[in-house]
Structure formats: structure tokens, C-alpha cells
Amino acid sequence: MREHESLVNHFCKVGSTMRTLPTIQLERLTLRPFHADDAEAVQKLAGDPYIAETTLYIPHPYEDGIAEAWIGTHSNNFSLGRSLELAVEHKEDKCLIGAISIGMNKKFNHGELAYWMGKEYKNYGYCTEAAKGMVRYAFEEMKLNRIFARYLSKNPASGRVMSKLGMKYEGTLRQHVIKWDKYEDLVYYGLLKDEYICE
């Protein structure tokens with residue numbers, strides 16, 4: 001318990017000197033903090049059964065209030081060094097198309113990359129562009145040494161994004177999770193800072 005309290009106090013002290021949630025400008029996209037008025041778009045996009053089916057934790061149905069509650073945690077999560085969650089916004093259309101995050105473990109100096117993109121925005125390279133921007137920020141600004149990501153084996157498209165980032169296959173945990181009453185494999189990819197090549 002004391003160790004836990006010590007870690008919390010450490011993160012609070014770190015959080016007091018951390019910058020506010022960043023905005024990352026990319027070629028076609030802007031990665032920016034979520035706003036309260038994004039909740040409706042989040043519910044619409046994440047509420048698609050396709051998104052829930054291909055991600056581990058997004059619920060279905062995506063009920064009223066879930067998006068608002070989730071968005072409300074972002075600032076505190078970042079301040080405490082837990083995670084960085086950003087909206088993926090299309091620059092030209094000014095519309096929300098997805099979400100991307102890094103879950104941080106400062107004790108081991110690594111982070112878990114996660115993302116989802118609205119179904120209608122698939123196959124345009126948006127997920128890869130957003131992920132490259134987040135990886136660059138994680139290595140260059142957050143000073144992480146390692147980034148890893150995982151995906152349900154039934155969603156190989158997510159694995160292709162990881163490969164495009166230069167991440168390396170690290171293994172498969174067989175029937176490691178249960179999704180909708182079915183055991184699923186989790187596939188892991190990873191990238192070290194000294195392997196990272198900035199484009």
C-alpha cells in the first residue's frame with residue numbers, strides 16, 4: 001500500500017510540471033485533446049458494432065454517458081502520467097474520425113499504443129498516419145524507450161498498421177482473452193527507441 005501511495009505521490013509531483021495535453025499536426029490529420037462536445041461523435045463512431053468487435057475494451061452497445069465519462073478522465077490521466085488520449089481529426093473536413101492513445105508505464109519507461117478509426121474512414125491510411133505521429137511524439141517528447149501494441153488475431157488490419165510503423169512481431173498469447181463469450185488470441189508487436197526511424 002505504501003509503495004502504491006508513493007507512486008501516486010510521485011506522479012502527482014510529475015504531473016504538476018507536465019505540459020497540458022498536446023496537439024500534434026500531421027499531413028492530413030490533427031491529433032488533439034478531446035472536448036466535451038466530441039462525445040456525440042465518439043458515441044456514433046465507437047457505437048458501430050464493427051469497432052467493438054475488433055477492439056478489446058470498447059463496449060457494445062455504446063450507451064449514453066460513456067463517451068462523456070471517458071473524455072472526462074483524459075486530463076487527469078495525462079497529469080498523473082498514466083496515459084495520453086487524443087482525438088484524430090481530419091484537417092480538411094474538421095471532423096472527428098477516431099482516437100489514439102499511449103498508455104504509459106514510467107517505472108519501466110514504456111508505453112502501449114492503441115487506436116481505433118471509424119469504419120467509414122478505413123483504408124485511407126489515416127490510422128497509419130495517426131499512429132506514426134503518436135509514436136514520434138512518444139519517443140521524442142515523452143522520452144519512452146519502448147512502445148508495444150497488441151491486437152485480436154481476427155483483426156489483421158491492425159497488425160498491418162503496426163508493421164508499417166516498423167514494429168516487430170513479438171509473439172502471440174493464445175486464447176488469452178474472452179471477447180463476446182469467445183476465447184481470442186492476442187498478437188503483440190514492439191518497437192525500441194534505438195530501432196525507431198523518423199520519417
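Residues numbered from 1 in each chain as written. Predicted model: local features only at pLDDT ≥ 70, side-chain atom pairs only at ≥ 80, totals over all residues. Heavy atoms only, no water.

## With respect to the sheet that holds strand E7 (residues 168-179)
Within a sheet, adjacent strands bond to each other through the backbone by hydrogen bonds, running parallel or antiparallel.
Part 1 of the argument: Pairing within the open sheet is mixed, and its 8 strands lie in the order E1-E2-E3-E4-E5-E6-E8-E7. The open sheet terminates on both sides in strands that have one partner only, identified here as strand E1 (24-25) and E7.
Part 2 of the argument: Here 4 bridges tie strand E2 (residues 29-32) to strand E3 (residues 83-90), and the two strands are oriented antiparallel to one another. From the neighbouring strand, threonine 30 faces E3, where its bridge partner is glutamate 89.
Part 3 of the argument: Lying on the sheet, helix H6 (residues 126-140) is in contact with E1, E2, E3, strand E4 (95-105), strand E5 (110-117), strand E6 (146-152) and strand E8 (182-192); it crosses E4 at an angle near 35°.
Part 4 of the argument: Each of E5, E6 and E8 touches helix H7 (residues 156-164); the most contacted strand, E6, lies at about 160° to it. (Pairing = 2+ DSSP bridges. Helix = DSSP H or I, 4+ residues; strand = E, 2+ residues; numbered from the N terminus. Contact = heavy atoms within 4.5 Å. Axes fitted to C-alpha atoms, helices over the stretch in contact; angles between N-to-C directions.)

## A closer look at the packing of aromatic side chains
The description of two aromatic rings rests on the distance between their centres and on the angle between their planes.
Part 1 of the argument: One pass over the structure, following the stated rule, counts 6 aromatic pairs.
Part 2 of the argument: Ring centres of phenylalanine 34 and tryptophan 70 lie 4.9 Å apart, and the angle between their planes is 65°; on these two criteria the pair is classed as edge-to-face. Of the two residues, phenylalanine 34 sits in the loop between E2 and helix H2 (39-46) while tryptophan 70 sits in helix H4 (residues 66-71), which places them 36 residues apart along the sequence.
Part 3 of the argument: For phenylalanine 34, a relative accessible area of 9% puts it in the buried group.
Part 4 of the argument: Accessibility expressed as a relative area gives 26% for tryptophan 70, which makes it partly exposed.
Part 5 of the argument: For the ring pair phenylalanine 139 and tyrosine 196, a centre distance of 5.1 Å and an interplane angle of 40° mean the geometry is tilted. In this pair, phenylalanine 139 sits in helix H6 while tyrosine 196 sits in the segment after E8, placing the two residues 57 residues apart along the sequence.
Part 6 of the argument: Residue phenylalanine 139 is classed as buried on the basis of its relative accessible area of 1%.
Part 7 of the argument: Connected via pairs of aromatic rings, a cluster forms that spans Tyr151, Tyr169 and Tyr189. (Phe/Tyr/Trp six-rings, centres within 6.5 Å; stacked < 30°, edge-to-face > 60°. Buried < 20%, exposed > 50% of the residue type's maximum accessible area, 1.4 Å probe, protein only.)

## Brief notes about H7
Part 1 of the argument: Inspection of H7 places Ser158, Gly159, Val161 and Met162 among the buried residues, and these make up the whole buried set. Seen from one end, H7 has its buried residues packed into an arc of 155°, which puts them on one side. Among the exposed residues of H7, those oriented more than 90 degrees off its buried face are Arg160 and Lys164.
Part 2 of the argument: The inward-facing, buried residues of H7 contact E5, H6, E6 and E8.
Part 3 of the argument: Positioned one or two residues after H7, glycine 166 has a phi angle of 90°, which is positive. (Arc of directions from axis to C-beta.)

## What to know about the environment of alanine 114
Part 1 of the argument: Here alanine 114 shows up in strand E5.
Part 2 of the argument: For alanine 114, a relative accessible area of 32% corresponds to the partly exposed category.
Part 3 of the argument: Remark: the alpha-carbon pair of alanine 114 and methionine 134, spanning 20 residues in sequence, is separated by 9.9 Å.
Part 4 of the argument: Discounting residues that sit within four places of it in the chain, alanine 114 has contacts with Ala99, Ile100 and Ser101.

## Considering the confidence of the model for the chain
Part 1 of the argument: Residues at a pLDDT of 70 or more form 90% of the chain, whose mean pLDDT is 91.
Part 2 of the argument: Under a pLDDT of 50 for its full length, residues 1-18 has, in the predicted model, 11 contacts with residues more than four places off or in other chains. (pLDDT = per-residue confidence, 0-100.)

## Considering the pairing of E7
Consecutive side chains of a regular strand alternate in pointing toward one face of the sheet and then the other.
Part 1 of the argument: Inspection of the sheet shows E7 paired to E8 by 8 bridges, in the antiparallel sense. If you follow valine 177 over to E8, its bridge partner there is glutamate 184.
Part 2 of the argument: Between E7 and E8, which pair antiparallel one after the other, the connecting turn spans 2 residues, and tryptophan 180 there sits at a positive phi close to 50°.

## A word on the nonpolar core
Part 1 of the argument: Counting 53 residues, the largest nonpolar core has Ile100, Ile102 and Leu113 as the members making the most contacts within it.
Part 2 of the argument: In terms of residue count, the dominant contributor to this core is H6 (9 residues).
Part 3 of the argument: Counting residues in hydrophobic clusters, the runner-up holds 5 residues, among them Phe148, Val177, Leu186 and Tyr188. (Core = buried A, V, L, I, M, F, W, Y, C linked by side-chain atoms within 4.5 Å.)

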